[in-house]
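The primary structure of each chain is shown beneath.
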Number of protein chains: 2
Amino acid sequence: MSMRRTTIKDVAGAAGVGVATVSRVLSGGSASPETRERVLNVAAQLDYRPSALGRNLRQQRSGGIGLLLPDITDTFYGRLADGVLACARSAGEPVILGTTGDDPEREAELIGMLMEQGVDRVIAVPSGDGEIWAPTLRAGLTMVFAHRLSTGHGDVPAVLADDRAGVRTAVDYLTGLGHRRIAYLGGPGQEQRLSVFRQALGGLVDEELIVVARGSRDSAYAAAAGLFQHRPDLTAVLAGGNLLGEAAVLAARELDLRVPRDLSLIMFDDVPWAELCAPPLTVIAQPAQDIGYRAAELVLREGGRRPRGVLLPTELIVRGSCAPRRTPNKSG
Amino acid sequence: MSMRRTTIKDVAGAAGVGVATVSRVLSGGSASPETRERVLNVAAQLDYRPSALGRNLRQQRSGGIGLLLPDITDTFYGRLADGVLACARSAGEPVILGTTGDDPEREAELIGMLMEQGVDRVIAVPSGDGEIWAPTLRAGLTMVFAHRLSTGHGDVPAVLADDRAGVRTAVDYLTGLGHRRIAYLGGPGQEQRLSVFRQALGGLVDEELIVVARGSRDSAYAAAAGLFQHRPDLTAVLAGGNLLGEAAVLAARELDLRVPRDLSLIMFDDVPWAELCAPPLTVIAQPAQDIGYRAAELVLREGGRRPRGVLLPTELIVRGSCAPRRTPNKSG
DNA sequence: CATACTCATGGAAACGATTCCATCATGATT
DNA sequence: AATCATGATGGAATCGTTTCCATGAGTATG
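It should be emphasised that the depicted structure is a prediction, and the values quoted were computed from it without experimental measurement.

**Student:** Would you mind going over the sheet that holds strand E11 (residues 310-312) of chain B with me for this structure?
**Tutor:** The strands making up a sheet associate through hydrogen bonds between their backbones, and the pairing can be parallel or antiparallel. The strand order across the open sheet built from twelve strands is E11(A)-E5(A)-E4(A)-E3(A)-E1(A)-E2(A)-E2(B)-E1(B)-E3(B)-E4(B)-E5(B)-E11(B), with neighbouring strands paired in mixed fashion. Looking at the sheet topology across the chains shown, the edges are occupied by strand E11 (310-312) of chain A together with E11 of chain B. Within the sheet, the average angular offset between the axes of one strand and its neighbour, ignoring direction, is 20 degrees. As paired strands, strand E4 (residues 142-146) of chain B and strand E5 (residues 158-161) of chain B are joined by two bridges and run parallel to one another.

**Student:** Even after reading the chapter, I still don't get the nonpolar core, so can you show me in this structure?
**Tutor:** Judged by nonpolar contacts, the single largest core of 60 residues is most densely connected at Leu185(A), Phe228(A), Leu185(B) and Phe228(B). The contacts of Leu185(B), once residues within four sequence positions are left out, are Val211(B), Ala223(B), Ala224(B), Leu227(B), Val237(B), Leu238(B), Ala239(B), Gly240(B), Leu244(B) and Ala248(B). Grouped together as the second largest cluster of nonpolar side chains are 58 residues, Ile65(A), Ala81(A), Leu69(B) and Ile123(B) included.

**Student:** Any chance you could explain helix H5 (residues 75-90) of chain A here in plain terms?
**Tutor:** Turn by turn, an α-helix covers 3.6 residues, leaving residues three or four places apart pointing in a common direction. All names here are of chain A. With 16 residues, H5 ought to run about 22 Å at 1.5 Å a step, and its terminal C-alpha atoms sit 23 Å apart, in line with that. Among the 16 residues in H5, 13 count as buried, and that is most of the element. Among the residues of H5, the N-terminal cap falls to Asp74, whose side-chain oxygen and the backbone nitrogen of Phe76 are separated by 2.9 Å.

**Student:** How should the UniProt feature "domain: HTH lacI-type" (unreviewed entry) in chain A be read in this particular structure?
**Tutor:** UniProt annotation of "domain: HTH lacI-type" (unreviewed entry) refers to residues 6-59 of chain A when read in the numbering used here. Across residues 6-59 of chain A one finds 69% helix and 0% strand; the C-alpha atoms that close the span lie 21 Å apart.

**Student:** Help me out: how do you make sense of the sheet that holds strand E8 (residues 236-239) of chain B in this one?
**Tutor:** All names here are of chain B. The six strands are arranged E7-E6-E8-E9-E10-E12 in an open sheet whose pairing can be described as mixed. The open sheet has two edge strands, strand E7 (210-212) and strand E12 (315-317), and neither has a second partner. When strand polarity is set aside, the average angle formed by the axes of neighbouring strands in this sheet is 15 degrees. Direction of pairing for strand E6 (residues 182-186) relative to E8: parallel, over a ladder of four bridges. Residue Ile182 lies in a different strand from E8, and its bridge partner there is Ala236. Strand contacts of helix H10 (residues 217-230): E6, E7 and E8, with the helix running at about 160 degrees to E6, the strand carrying the most contacts.

**Student:** Looking at this structure, how should I read the protein's contact with DNA strand C?
**Tutor:** Lining the immediate surroundings of DNA strand C are 26 residues, of which Ile8(A), Arg58(A), Thr21(B), Thr35(B) and Gln60(B) lie closest. When the atoms of DNA strand C within 4 Å of the protein are sorted by group, sugar and phosphate make up 66%. At 3.0 Å, a backbone N or O of Gly18(B) approaches a phosphate oxygen of DNA strand C. A distance of 2.7 Å separates a phosphate oxygen of DNA strand C from a polar atom in the side chain of Gln60(B). Residue assignment for the surface near DNA strand C shows that the elements contributing at least two residues are helix H2 (19-26) and helix H4 (52-59) of chain A together with helix H2 (19-26) and helix H4 (52-59) of chain B. At five residues, the largest contribution of residues to the surface near DNA strand C is made by H4(A).

**Student:** Where do I start with the packing of helix H6 (residues 104-116) of chain A against helix H7 (residues 130-138) of chain A in this structure?
**Tutor:** Two measures define how a pair of helices packs: the angle their axes make with one another and the distance between the axes. Residues and elements named next belong to chain A. Running from amino to carboxyl end, H6 crosses H7 at an angle of 5 degrees, the nearest separation of the two axes being 10 Å. By the angle between their directions, the pair H6 and H7 is classed as roughly parallel. Counting all contacts with H6, which are made through Pro104, Glu107, Ala108 and Ile111, the residues of H7 involved are Ile132, Trp133 and Thr136. In the contact of H6 with H7, the residues fall into five nonpolar, one polar and one charged.

**Student:** Would you mind going over the relation of the copies chain B and chain A with me for this structure?
**Tutor:** Between the two copies of this chain, the relationship is a rotation about some axis together with a displacement along it. Turning chain B through 180 degrees and shifting it by 0.0 Å along the axis lays it on chain A, with an RMSD of 0.0 Å. The two molecules are tied by a two-fold rotation axis, judged by turn and shift. Taken as a fraction of all interface residues of chain B, those also at the interface in chain A reach 100%, which identifies the copy contact as same-surface.

**Student:** Can you walk me through H10(B) in this structure?
**Tutor:** Residues and elements named next belong to chain B. With 14 residues, H10 ought to run about 20 Å at 1.5 Å a step, and its terminal C-alpha atoms sit 20 Å apart, in line with that. Ser219, Ala220, Ala223, Ala224, Ala225, Leu227 and Phe228 are the residues of H10 that are buried. Turning to H10, the residues buried within the fold contact E6, E7, E8 and helix H11 (242-254).

**Student:** Would you mind showing me how to read the domain arrangement of chain A here?
**Tutor:** Frequently, the measure chosen for interface size is the accessible area that the parts lose on association. Residue and element names in this part refer to chain A. For chain A, the domain assignment lists domain 1 (8-50), domain 2 (65-159 + 289-311) and domain 3 (163-287). Between the C-alpha centres of domain 2 and domain 3 there is a distance of 28 Å. On the side of domain 3, twelve residues touch domain 2, which itself brings eleven residues to the contact. Interface of domain 2 and domain 3: buried area, both sides summed, is about 940 Å²; carbon and sulfur atoms make up 46% of it. Among the ionic pairs, Arg79 bridges to Asp269, the shortest N-O distance being 2.5 Å. Summed over the shared surface of domain 2 and domain 3, the number is seven residue pairs in polar contact (both at pLDDT 80 or more). Looking at the side of domain 2 that touches domain 3, the elements with two or more residues in it are H5 and helix H12 (288-301).

**Student:** So what exactly am I meant to see when it comes to the side chain of Thr75(A) here?
**Tutor:** Following the sequence through the fold, Thr75(A) ends up in helix H5. Of the residues examined, Thr75(A) reaches a relative accessible area of 16% and is grouped as buried.

**Student:** When you look at the protein's contact with DNA strand D in this model, what are you seeing that I'm missing?
**Tutor:** Thr21(A), Thr35(A), Ile8(B), Tyr48(B) and Arg58(B) are the nearest of the 26 residues found near DNA strand D. Near the protein, within 4 Å, the atoms of DNA strand D are sugar or phosphate in 65% of cases. Between DNA strand D and the protein, one listed contact pairs a phosphate oxygen with a side-chain N or O atom of Ser23(B) at 2.8 Å. Arg58(B) places a side-chain nitrogen or oxygen 2.2 Å from a base oxygen of DNA strand D. Only H2 and H4 of chain A together with H2 and H4 of chain B provide two or more residues apiece to the surface near DNA strand D. Residues of the surface near DNA strand D, tallied by class, amount to nine nonpolar, twelve polar and five charged.

Rules used throughout
Residues numbered from 1 in each chain as written. Chains lettered and ligands numbered in written order. Predicted model: local features only at pLDDT ≥ 70, side-chain atom pairs only at ≥ 80, totals over all residues. Heavy atoms only, no water. Pairing = 2+ DSSP bridges. Helix = DSSP H or I, 4+ residues; strand = E, 2+ residues; numbered from the N terminus. Axes fitted to C-alpha atoms, helices over the stretch in contact; angles between N-to-C directions. Core = buried A, V, L, I, M, F, W, Y, C linked by side-chain atoms within 4.5 Å. Buried < 20%, exposed > 50% of the residue type's maximum accessible area, 1.4 Å probe, protein only. Contact = heavy atoms within 4.5 Å. Expected span 1.5 Å × (residues − 1). Polar contact = N/O pair within 3.5 Å; in protein donor to acceptor, adjacent residues only side chain to side chain. UniProt positions renumbered as here; feature names shortened; annotations may be inferred. Near = heavy atom within 4 Å. Parallel < 35°, antiparallel > 145°, perpendicular 65-115°, else oblique. Nonpolar A, V, L, I, M, F, W, Y, C, P; charged D, E, K, R; others polar. Least-squares fit on C-alpha atoms with pLDDT ≥ 70 in both. Domains from an automatic or database assignment. Buried area = accessible area lost by both parts, 1.4 Å probe. Salt bridge = Lys/Arg side-chain N within 4 Å of Asp/Glu carboxyl O.

As structure tokens, this is what we get:
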């Protein structure tokens, strides 16, 4: 009942040539025009599709791109993945997706799985530090980091949003509105943003106002609620991602802090619901899809030369969640 | 510099046995206890990892699960993918992700790519009709549909949310509030929901109040705005997905329709921002992650028997976007 | 004691592609 | 005319694994 796949041998036999010739014709090698035409005709007639299995074994590598993300549920990573898929599709390459949950152990596990599969090109939002990636690099994989760097990364190129400028813009905007006690609500792997945040605030930085959550929604909410309860004197918050922003809105509402009257809120990453929120959220937009697309471009370029990383611009989009600091009412 | 991978031959040589024995030991075949131990020791010492490439070629199938979704940017599909990944991870199977954009042509292309890769297990949210999937089935692939059926599907098992009950609940809720002119704002592949909607409304159904958008945000917004402008007499809307719901909120705001005062809104699929919206959105929650997980379970079960599909419950979550119909003010 | 049967074992044949290499024909150069 | 370069071509090796089959040892049964 189930017929055997048509193989390159069948095509060779039907066209009256050797398998080597068929292979050459199909992969663009040299062949005489008439042979080429005959082979192509026969191949089309037999509906021949070369098996990636055979090719992969011979070439010692499975085509395809490994994509390692912390959480595909987060729309930021969803858009990033979309960018990777768009580029991969135009190159005809399959994408193998894995989620790490920001857990280095899971990440290492996934890397092992990818290498077992013969995947030799990986795009990752790294959670672990350099040690995890060292064996990967030694094995000769083509790597590109996206959105984050790995501490102690080798010379792995990275595609990043310009966090530096983004944080600076946000902080400038808030201080310009008169805010002094500004909190940062961060997620995993945002060391660079933190250092810029400290730097932008100059001497004003108050370490208690810097809180780092793990990747989950629960953790983000806990961090936000804890921060707001512990330091009711803060007047502005910079949330380092849409999950954190969501948590901040929720926690503020829960604690009867009105935005932007009692609390100015600015969020990294523009998401569709930012506009639907009450009030609409002021955000630092990041080109998530571009990040993915460019990362895929880099990892596919494969040209021996090491490309330097890419830095993509962010953009402040002012909506309604930030207001000038209310001057403390001394008579109240 | 780059050392050759350690192969099964190396292990066999170092352990003083044949390759067949090594293979048997590692894949759970029969072997004497002392041989088994020696082989396992040597394998561990050499850090031997069997190459999936060789195995795949021999077994004529690449492990792994193909996952075909309309749009990974949509959080519903993001959660669905998350479920699939969770199950696949526990089975140690890689997942190859492709997005169709609800375009049957792209879908067919992706199927071709998957078959070329030797993927023989696919989970899909189908956009095309039965004809597209016929060759797939004939080729002996294990298929599971998720979230949607393909019209004229063969005996492909499907994992679905209970749309029937969901639509009925929503309509009952709205009619219970006094609404009569209820619109349905649908997306691609929701034929079943539409028929249930018509059925639930009984004789009251007004075909002009049924609008179907394509998958994109733009299309959804256009559909919503067009509907609201064309039929200002409607008092309630059922949005068939979070993109449609988002569009409805946006369009209503644009047209100065206040929710729920002028317009009651109920949305399929509970998303985190539904709670952040003003007003918070009443929704029919769908277990997106479960759908993915169960689909992966089915496709991995592989037991020759054809499992029947799975129907998962939906849940009405009442928030603040629905209100009783205002009795028309005859003196106004 | 002879025969049959179980069980561990290793050699070798697949799997389907790519690619090295030898062969042969043709045309150009000396 | 002899040699050389060029280019098309097919046979065979190769990738790493699984699996079929033959072999031999050991045990049980007649």
